[in-house]
Amino acid sequence: MSSPILSVSNLERRYGDFIGCTDISFDVWPGEVVAIVGESGSGKTTLLNCISGRLERSSGSIRYNMRDGRFPDLADLSEAERRFLMRTDWGFVHQNPADGLRMRVSAGANVGERLMAIGDRHYGEIRDTATEWLGRVEIAGDRIDDKPVAFSGGMRQRLQIARNLVTRPRLIFMDEPTGGLDVSVQARVLDLLRGLVSDLGLAVVIVTHDLAVARLLSQRMIVMKSGRIVETGLTDRVLDDPHHPYTQLLVASILES
Amino acid sequence: MTLPEYNFAYLDEQTKRMIRRAILKGIAIPGYQVPFASREMPMPYGWGTGGVQVTAAILGPDDVLKVIDQGADDTTNAVSIRAFFAKTANVATTTKTADATVIQTRHRIPEAPLSAGQVIVYQVPIPEPLRFLEPRETETRVMHGLEEYGLIHVKLYEDIAQHGHIATTYAYPVKVEDRYVMDPSPIPKFDNPKMNGSPALQLFGAGREKRIYALPPFTNVVSLDFEDHPFEVQKFKQPCALCNATGVYLDEVVTDDRGGRMYVCSDTDHCETRREEGHHGAGLPISGAQTAKEDAA
Ligand SMILES: Nc1ncnc2c1ncn2[C@@H]1O[C@H](COP(=O)(O)OP(=O)(O)O)[C@@H](O)[C@H]1O
Ligand SMILES: [Mg+2]
Ligand SMILES: [Zn+2]
């Protein structure tokens, strides 16, 4: 039948003697949203950066199911192929939009950048596509020539999402995508993300320390502690019936608050 | 016999060899920026130290040197560089494009077509065409290596979005032999087409940034654009007020303190040559004739 889109096996990343994450194995299936949760310092970002090719791993394998049917380890791709993958088939949504946007060029150019990177050379068509994607993230078309510096935090985050989705990627990585936003703004961004992910059938690996975010977006959850996976399972099961004492503690702490 | 105060053309032979190796590498890989160990020159950066080092490395005793700045042979910068080589290399100098074997330039390519055997040396302030959107040198190097040039079009897109057209008029990016994207130095885009297929050897020197690059004769040089916003050169509504030339790059010159102005060739040699040939424009006072007939050329 079908196979995973991403397959991680025995992954480890050390910082000198210190273990960032270790003994990590899991698969991501096409169209599936996987949340990686755990408290601050548990190794979530380290893991996400490794599997998205942004950080060197110390050992283990990370394989990606390419559109052409190959299923290579990322380390076996050429740098050109890896970078091409990152700006076409993948997306990465940073917690801080400024890390994922070009703050000094317009919203339209931010959304159009990936199109131009893959060779689109028709200004009018690039602009039409950008307008369409701004609409899909609920940014008014008349803001297309404004720079993200003029946008609110929530708008910037939505712009970052549009910028990633314009090439119709199959796999998106997100690191605390609503972490820097006001609670009132978070809900709107989450709703939007949920809609887009299901409309587009995206596979997503999302890092969050917020179990409510995980519950809203993900089907499956990976719980990390001190760089290791302590529990995985369907999100509802993990949250309703946590097995590992650490997960029980995490769940209890949000029920209290 | 007295020893010369300097080595021929100022630089020592070892340095010249090093620069020539960089030039040869540049010629072998058209448009590729070759790092070189830029030397201190007896003039500040911004005064064409990159171009001066390239010129020093290629100059021979029989060369005839022309130096222009903004198209003119008589600006301070041009005069001092010309004097520098007249003194340190004792080479002949000229203002005539056709007579020169080596032309060092800032901001222009002469109007008279260059010919085989001529070398034009451009002074380059910022050699990296990707710099404005990607300040990290490590990243721009990878982009060149992998031919990732989408960012150039982001800049052009932004031009159109903000101004309705591609507003970049100087240092307009080009793609060389369908491979490297290159900054042609701050020449007006008007001059870009002159780079394409030129029979002359074109060398680019950036002193502060320590880069040399080159276009061998007959290199394919294409100005980047969009399908629906094609590259265009500046057009001028009127001919040169002095020599009546059309299809040349004109500078606006203020003629009095009451807002009077006229447009004249930025290439002073070209303008003078045409006037010597008998052309004259509407703004040139003509002795003895109240209603001079304008040159119809
Ligand atoms: N570049 C680094 N050098 C050394 N230690 C690091 C580095 N990055 C992260 N760490 C450490 O690795 C652990 C996991 O960090 P991180 O992956 O950022 O966790 P999380 O995203 O879950 O908060 C933390 O103890 C952190 O201090
Ligand atoms: Mg983190
Ligand atoms: Zn003229």
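Note: the structure precedes this text.
Remember, it's a predicted structure, so these values are computed and weren't measured experimentally.

Q: Break down the overall build of chain A for me, with residues and values.
A: From N to C terminus, chain A includes ten helices and nine strands. Its C-alpha atoms give chain A a radius of gyration of 18 Å, within 12% of the compact-globule value 18 Å for 257 residues. Scored against the burial criterion, the 257 residues of chain A give a buried share of 53%. For chain A, long-range pairs separated by at least 24 residues make up 66% of all intrachain contacts whose partners lie at least 6 apart in sequence. Carbon and sulfur atoms form 48% of the exposed surface of chain A, whose accessible area is close to 11,100 Å². If you average the places of the 31 positive and of the 34 negative side-chain charges in chain A, the two averages end up 4 Å apart.

Q: Lay out the packing of aromatic side chains in plain terms, naming residues and giving numbers.
A: In the structure shown here, the tally under the stated rule is 14 aromatic pairs over all chains. Aromatic side chains phenylalanine 190 of chain B and tyrosine 249 of chain B sit 5.6 Å apart centroid to centroid with 55° between the ring planes, which places their arrangement in the tilted category. Of the two residues, phenylalanine 190 of chain B sits in the loop between strand E7 (180–182) and helix H6 (192–195) while tyrosine 249 of chain B sits in the loop between strand E10 (221–223) and strand E11 (250–254), which places them 59 residues apart along the sequence. Neither phenylalanine 190 of chain B nor tyrosine 249 of chain B differs from the other in exposure class; each is buried. Looking at arginine 54 of chain A, its charged tip hangs above the ring of phenylalanine 92 of chain A, at a distance of 4.1 Å from the centre.

Q: Before we move on, could you go through the interface of chain B and chain A and cite the residues and values that matter?
A: Facing the 22 residues of chain B at the interface are 22 residues of chain A. Summing both partners gives a buried area of about 1,900 Å² for chain B against chain A, and 58% of it is carried by carbon and sulfur. Taken together, the connections running from chain B to chain A amount to three salt bridges. Here arginine 83 of chain A ties to glutamate 139 of chain B by a salt bridge, and the two come within 2.8 Å at their closest N and O atoms. The tally of links between chain B and chain A comes to 13 residue pairs in polar contact (both at pLDDT 80 or more). Put simply, the parts of the chain that give the side of chain B that touches chain A at least two residues each are helix H4 (137–145) and helix H5 (150–163) of chain B. Here the side of chain B that touches chain A is built from residues that sort into eleven nonpolar, four polar and seven charged.

Q: Requested: an account of a negative patch on the surface, with residues and values cited.
A: Together, Asp120, Glu125, Asp128 and Glu132 of chain A together with Glu227 of chain B give the surface a local cluster of negative charge. Assignment of secondary structure puts aspartate 128 of chain A in helix H5 (residues 123–136). Among the residues examined, aspartate 128 of chain A registers a relative accessible area of 55% and is labelled exposed.

Q: Lay out the site of ligand 1 with the relevant residues and their values.
A: Residues and elements named next belong to chain A. In the region of ligand 1, the neighbouring residues are Tyr15, Phe18, Glu39, Ser40, Gly41, Ser42, Gly43, Lys44, Thr45 and Thr46. Between ligand 1 and glycine 41 there is a distance of 2.7 Å, counted from an oxygen atom to a backbone nitrogen or oxygen. Take glycine 43: an N or O atom from its main chain is 3.0 Å from an oxygen atom of ligand 1. Across the complex, the protein chains shield 57% of the 550 Å² of accessible surface that ligand 1 would expose by itself. It is helix H1 (residues 44–51) that contributes the most residues to the shell around ligand 1, three residues altogether. Taken together, the residues of the shell around ligand 1 sort by class into two nonpolar, six polar and two charged.

Q: Which residues make up helix H10 (residues 245–256) of chain A, and what values go with them?
A: Residue and element names in this part refer to chain A. The first and last C-alpha atoms of H10 sit 16 Å apart over twelve residues, in line with the 16 Å expected at 1.5 Å per residue. Here H10 has its buried residues at Tyr246, Thr247, Leu250 and Val251. Taken down its axis, H10 places every buried residue within 135° of arc, on the same side. More than 90 degrees from the buried face of H10, the exposed residues found are Pro245, Leu249, Leu255 and Glu256. Along its buried surface, H10 packs onto helix H8 (211–217), strand E8 (220–225), strand E9 (228–234) and helix H9 (235–240).

Q: Which residues make up the packing of helix H1 (residues 13–28) of chain B against helix H2 (residues 49–58) of chain B, and what are the values?
A: Residues and elements named next belong to chain B. It is at 9 Å that the axes of H1 and H2 come closest, and there the two elements cross at 100°. With respect to their mutual orientation, H1 and H2 come out roughly perpendicular. Between H1, through Lys16, Ile19, Arg20 and Ile23, and H2, the contact on the second element is made entirely by Gln53, Val54, Ala56, Ala57 and Ile58. By residue class, the composition of the contact of H1 with H2 is six nonpolar, one polar and two charged.

Q: Could you give an account of the sheet that holds strand E1 (residues 6–15) of chain A, with specific residues and numbers?
A: Residues and elements named next belong to chain A. With antiparallel pairing, the three strands of this open sheet are ordered in space as E2-E1-E4. The open sheet has two edge strands with one neighbour each: strand E2 (18–28) and strand E4 (59–64). On average, adjacent strands in this sheet sit at an angle of 20° to one another, irrespective of strand direction. Bridge count for E1 against E2 is seven bridges, and the pairing is antiparallel. Within the sheet, the bridge partner assigned to tyrosine 15 lies in E2 and is phenylalanine 18.

Q: Talk me through helix H4 (residues 107–117) of chain A; I want residue IDs and the actual numbers.
A: For H4 of chain A, a buried count of ten out of eleven residues is recorded, marking the element as mostly surrounded by other parts of the structure. Those residues of H4 of chain A lying buried are Ala107, Gly108, Ala109, Asn110, Val111, Gly112, Glu113, Arg114, Leu115 and Met116 of chain A. Those residues of H4 of chain A that are buried are in contact with helix H2 (79–88), strand E5 (90–93), H5 and helix H6 (153–165) of chain A together with H5 of chain B. At the exit of H4 of chain A stands glycine 119 of chain A, carrying a positive phi of roughly 105°.

Q: Just give me the short version of the pattern of salt bridges, but keep the residues and values in it.
A: Note that side chains of opposite charge can pair when their charged atoms are close. Per the counting criterion, the structure on display carries 38 salt bridges over all chains. A salt bridge links arginine 83 of chain A to glutamate 148 of chain B, with the shortest nitrogen-to-oxygen separation between them at 2.7 Å. Highlighted residues: arginine 83 of chain A in helix H2 and glutamate 148 of chain B in the loop between H4 and H5, drawn from two different chains. Across the salt bridge formed by aspartate 240 of chain A and arginine 215 of chain A, the nearest N and O atoms sit 2.6 Å from each other. Taken together, the residues span a long stretch of sequence, with aspartate 240 of chain A in helix H9 and arginine 215 of chain A in helix H8 at a distance of 25 residues. The exposure class of aspartate 240 of chain A is exposed, given its relative accessible area of 55%. According to the relative accessible area criterion, arginine 215 of chain A is partly exposed, its value standing at 38%. Counted as one network, the salt bridges with shared partners bring together Arg131, Glu137, Arg141, Arg208, Glu209 and Arg211 of chain B.

About the cut-offs
- Residues numbered from 1 in each chain as written.
- Chains lettered and ligands numbered in written order.
- Predicted model: local features only at pLDDT ≥ 70, side-chain atom pairs only at ≥ 80, totals over all residues.
- Heavy atoms only, no water.
- Helix = DSSP H or I, 4+ residues; strand = E, 2+ residues; numbered from the N terminus.
- Rg over C-alpha atoms; globule rule 2.2 N^0.38 Å.
- Buried < 20%, exposed > 50% of the residue type's maximum accessible area, 1.4 Å probe, protein only.
- Contact = heavy atoms within 4.5 Å.
- Areas by Shrake-Rupley, 256 points an atom, 1.4 Å probe, with all protein chains shown as cover.
- Lys, Arg positive; Asp, Glu negative; His and termini not counted.
- Charge placed at Lys NZ, Arg CZ, Asp CG, Glu CD.
- Phe/Tyr/Trp six-rings, centres within 6.5 Å; stacked < 30°, edge-to-face > 60°.
- Lys NZ or Arg CZ within 6 Å of the ring centre and 35° of its normal.
- Buried area = accessible area lost by both parts, 1.4 Å probe.
- Salt bridge = Lys/Arg side-chain N within 4 Å of Asp/Glu carboxyl O.
- Polar contact = N/O pair within 3.5 Å; in protein donor to acceptor, adjacent residues only side chain to side chain.
- Nonpolar A, V, L, I, M, F, W, Y, C, P; charged D, E, K, R; others polar.
- Patch = residues over 30% accessible without salt bridge, like charges linked within 9 Å, V, L, I, M, F, W, Y side chains within 5 Å.
- Near = heavy atom within 4 Å.
- Expected span 1.5 Å × (residues − 1).
- Arc of directions from axis to C-beta.
- Axes fitted to C-alpha atoms, helices over the stretch in contact; angles between N-to-C directions.
- Parallel < 35°, antiparallel > 145°, perpendicular 65-115°, else oblique.
- Pairing = 2+ DSSP bridges.

Just geometry here; none of it tells us what the structure is for.
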